Each structure stands twice: as structure tokens, then as C-alpha cells.
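A closer look at the structure
Each chain, written out:
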Amino acid sequence: MNHKKYLALALPLTFSTVTTPLLGAVDTAVVGQLPDPAYLGGVAIGTVIFNTMYWLFGFLRVSTSGFAAQALGARDELQETLSFIRPFFIALLIGLVFLILQNPIATAAMALLNPAQDVEALALDYFHIRVWGVPVTFINYVILGWLMGMSRIRLAVTIQIAMNLLNIALDLLFVTGFAWGVTGVASATLIAEVSAMVLGIYFLMKRTQFTLKLLPLQQIFEGAALKKMIAVNQDLFIRTICLLAVFNIFTYKSASFGTETLAANAVLIQIHYLMAYFFDGFSNASSILSGKAVGSKDEGLYKRTLTLASQWALITALFLTAMYGLFSGPVIRLFTGIPEVITIASDYSIWLLLFPISTSIGIIYYGIFTGATETAPVRKSMMMALLLFLAVYFLAVPLFGNHGLWLAFIAFSAGRSVFLSLFIPRLNSYFSS
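Residues numbered from 1 in each chain as written. Predicted model: local features only at pLDDT ≥ 70, side-chain atom pairs only at ≥ 80, totals over all residues. Heavy atoms only, no water.

**Quick look at the overall build of the protein chain**
- Per the secondary structure count, the protein chain includes 19 helices and 0 strands.
- Its C-alpha atoms give the protein chain a radius of gyration of 21 Å, within 12% of the compact-globule value 22 Å for 433 residues.
- Taken over the C-alpha atoms alone, the protein chain extends approximately 55 × 40 × 35 Å along its principal axes.
- Here the protein chain holds 433 residues, and the buried ones make up 58% of them.
- For the protein chain, the accessible surface area stands at approximately 17,300 Å², while carbon and sulfur atoms represent 69% of it.
- Within the protein chain, one finds 24 positive and 19 negative side-chain charges whose respective centroids are separated by 15 Å. (Helix = DSSP H or I, 4+ residues; strand = E, 2+ residues; numbered from the N terminus. Rg over C-alpha atoms; globule rule 2.2 N^0.38 Å. Buried < 20%, exposed > 50% of the residue type's maximum accessible area, 1.4 Å probe, protein only. Areas by Shrake-Rupley, 256 points an atom, 1.4 Å probe, with all protein chains shown as cover. Lys, Arg positive; Asp, Glu negative; His and termini not counted. Charge placed at Lys NZ, Arg CZ, Asp CG, Glu CD.)

Pasting the structure below:
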């Protein structure tokens, strides 16, 4: 494994993962051109709700990718099939539960986030359309995770690009052309999500070696394998709860500063998502290679993956910082044309210059640990980062307002990098034991 081979895997995944936040980012950008900031606030609140649901169960993609990569490394065809079937059933079940509980979820979300009345009405319109895509999205996670774990990168990239191009086109048609506002934005996203699932199932059945086998239930839900999957998913679930606690506290406090500040922070958070998902491409590449190393018991591949991941974490962080430093103004104006929101976002934009270097190691090492399905360190490091966020939040926000809020967020980002790095010796010992 060298830089060229690593980049050949990482760059398509980077391109693919950068498209992931575009569903929320495009929604934000389109409604940001409407004259009333309440539209932007409504979509921001709605997006937080779905980010909460989707991130909370993002382990469906991450763990599927790790188990599939290990099965591929071990060249075990049965485990390759089971690494898809097991999480698929879990995804379908969880998705149906969310549909049944959609009204209590919406009520609880509005009570927690407490937006202005006009913003709440628009957020609920957005929610009650997009919620029908929840089971679809969970199934998409499993499909994408399996394709990535099996190193079928081109197919995974194609699905995500197709979904986002369709979402952009429908956003423009429904909002700009038909003037459907928030309803149009939500409908466009739902249609794009369903289309992606259909395309993913087609690729799975026609373009891979996957064959749907009628396996005995006791084999699908075999004790030791199921226990390992539950343990991994439990760690990732707790990790995501910590992450969501930070973002929900951030959004709640943003709303308390007023609709314009909420909208400005929403724009900056969308830009942050683009940066984070840029790192996520390298994280996914490292996860695939780490999983293969574990499956094939190849210590050399693992060590080289760790070295390459560290080097490209630094390179990517410096690149993103430079690009945002040069083009922050035009990037902000891509998301909104409201002068008050642009001014506020520009005032706090400097904090995003600190984000890439603070978070790079945390995100990319996350891929190495999840590929190896050694996820307890991920859980522990994120819990420590959350405690750091809360400490800075309660100290800095009363003194510095929104600047204090951003300081707490950057402290959290740096914490997740530092704390996870402390567990690297433990992962190294897996191969030396």
C-alpha cells in the first residue's frame, strides 16, 4: 500500500462522502434565497431532527462496512452475504418504528429546540414529508456500507451522486419553479432518497456477486456473531448520542440568540459538514483497509494504513483551512442572500478556520477503529470530548455569547482527535498479541 493506491481509494470516497451533506446543504441554500429568514430557520430545525435520527443510526453503514471488509479480507463468501442480511433486517425494523412514532418525535423535537412559532410551523411541514424517507435512508446506509466494505467504490459513488443531482434538480424545480417553499424542499429530498434505494438494490443484484440466499434464521442470528455486531453497534450508538448532544445543544443555544443568528449558524454548520465529510472520505478508505488487514491478519497493511491516514489527515486539514480562508465570503453567499445573515455568519466565520486542524485526526482515525470493529475506544473518546464541550460551554457562553458557543464546539472537535489518538497503542497490540 502506497500513497497512490491509498488516494485511488480515498479520493472517490471523498467525492462520494462530500455529496452526503448536500441533501441538507442544498435545502439550506435554496430556501436561503427566499426573503424571509424563517424559511431558512425552519429547514435548519428540520435538518437537525433528521440529522439526529440518521446520525443516531449511522452505525448501520459504518458497522456494515467494517464487517464486510473483514469478510472480504478473509475471503469468506458466506460472511460477505451475512454482513449485508443482518444489518438489513435491523435497518428495516428501526425505520418502521420511526414511522409509527413520528408524531411523538416531532412533538418532542419542537419542545427541545423551542424555535419561534413561524419557524416551528415550517419545520413541521418539512418533517412530516421527509419522515417517510427514514426506512429508505436506513436501507441505503446498509447498501452503501456493504458496497464500500466490498471495495465496490464506483457503485457507491454513483448512487450518492445520482441522489444528490436529482435532489438539486428537484429543489430548483419545486422551490424556484413551482414556489412550493419548504414543502418543495422536503419533497425533493424524499424523492431523491427513494430513487437512491431503488438504484442501490439494482446495483446490488445486477452489478455485484451478491446472491440473496434463503439462509436459516439461526445462521443469520448466530449467537457469537450477533453479540459482536450488537457490541459494535452499541459503542457507535453511544458515540453518536454524544455527537448529537453537541449539535442539538449548539442549535438550541443558537435559536436563543434570535432567528438571524440561528440562520447564520445554520449556514456555517452546513459549511462545517462539507469539511467534515471531506475528511470522512479518507476515514472510509482507512476503514476498508483496516478491515481487510484484520480479516487477513496483515499487520503490515494495518501499519501502512495508519501511517498514510495520519499523513493525509494533516495534508487535508491544511488544504481545507487554506481554501476556506481564501473563499469564505463567496461560500457563505452560496447559502444565503439575506444581508443580515451574511453579516452575522461572516463575523463568526473565523471559527471554521480552526475546525479542519482540530478534527482531522479524530475523524480519520475513527475509520481505522471501526474498520477493525474495535469500537470501545471510539465510544470512550467521544464521551470525554462531550465532557470537554460541556465544560467550555458553561464557562464561555455566558461570557462570550455566540463566540463562546463556537469555542466550545472547536474544543469538542479537538478533544475527539486527542482522546482517540490515546487509544492507538491499544489497537496496535491487536496485531502483536
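**So, the packing of aromatic side chains**
- Applying the stated criterion across every chain, the model contains 31 aromatic pairs.
- Judged by centre distance (6.3 Å) and plane angle (35 degrees), the ring pair of Tyr 6 and Phe 282 falls under tilted. Of this pair, Tyr 6 sits in helix H1 (residues 3–18) while Phe 282 sits in helix H13 (residues 259–296); the two residues are 276 residues apart in sequence, bridging distant segments of the chain.
- On the basis of relative accessible area, Tyr 6 is assigned to the buried category, the value being 0%.
- On the accessibility criterion, Phe 282 (3% relative accessible area) is buried. (Phe/Tyr/Trp six-rings, centres within 6.5 Å; stacked < 30°, edge-to-face > 60°.)

**A look at helix H8 (residues 134–149)**
- If you check H8, its first and last C-alpha atoms are 23 Å apart, about what 16 residues at 1.5 Å a residue would give, namely 22 Å.
- Here H8 lies mainly inside the structure; 16 of its 16 residues are buried.
- Looking one or two residues beyond H8, the residue adopting positive phi is Ser 151, at roughly 65 degrees. (Expected span 1.5 Å × (residues − 1).)

**Thoughts on the pattern of salt bridges**
- For the coordinates displayed, the defined rule picks out 3 salt bridges.
- The shortest N-O distance in the salt bridge between Arg 130 and Glu 193 comes to 2.9 Å. Taken together, the residues Arg 130 in helix H7 (residues 117–130) and Glu 193 in helix H10 (residues 181–206) connect sequence positions 63 residues apart. Both residues of the pair, Arg 130 and Glu 193, count as buried.
- Notably, a salt bridge pairs Asp 235 with Arg 379, separated by 2.6 Å at the nearest N-O pair. Taken as a pair, Asp 235 in helix H12 (residues 223–256) and Arg 379 in helix H17 (residues 376–400) lie far apart in primary sequence, 144 residues in all.
- Classification of Asp 235 as buried rests on a relative accessible area of 9%. (Salt bridge = Lys/Arg side-chain N within 4 Å of Asp/Glu carboxyl O.)

**Observations regarding helix H16 (residues 351–371)**
- Along its 21 residues, H16 runs 31 Å from first to last C-alpha, staying within 8% of the 30 Å computed at 1.5 Å per residue.
- For H16, the principal kink sits at Thr 359 and spans about 45 degrees.
- For H16, a buried count of 17 out of 21 residues is recorded, marking the element as mostly surrounded by other parts of the structure.
- The first or second residue beyond H16 is Thr 373, which carries a positive phi of 50 degrees. (Bend = angle between axes of the 7 residues up to and from the residue.)

**Topic: the environment of Ile 338**
- Along the polypeptide, Ile 338 turns up in the loop between helix H14 (299–335) and helix H15 (339–348).
- Sequence-wise, Ile 338 and Phe 89 are 249 residues apart; in three dimensions their C-alpha atoms are separated by 45 Å.

**What to know about the packing of H13 against H15**
- Closest axis-to-axis distance for the H13/H15 pair is 8 Å, and the angle between their directions is 60 degrees. In terms of orientation, H13 and H15 fall into the oblique class. In terms of crossing hand, the pair formed by H13 and H15 is right-handed. Of the residues in H15, those touching H13 at Glu 260, Thr 261, Ala 263, Ala 264, Val 267 and Leu 268 are Glu 340, Val 341, Ile 344, Ala 345 and Tyr 348. (Axes fitted to C-alpha atoms, helices over the stretch in contact; angles between N-to-C directions. Parallel < 35°, antiparallel > 145°, perpendicular 65-115°, else oblique. Left-handed = near helix turned anticlockwise from the far one by under 90°. Contact = heavy atoms within 4.5 Å.)

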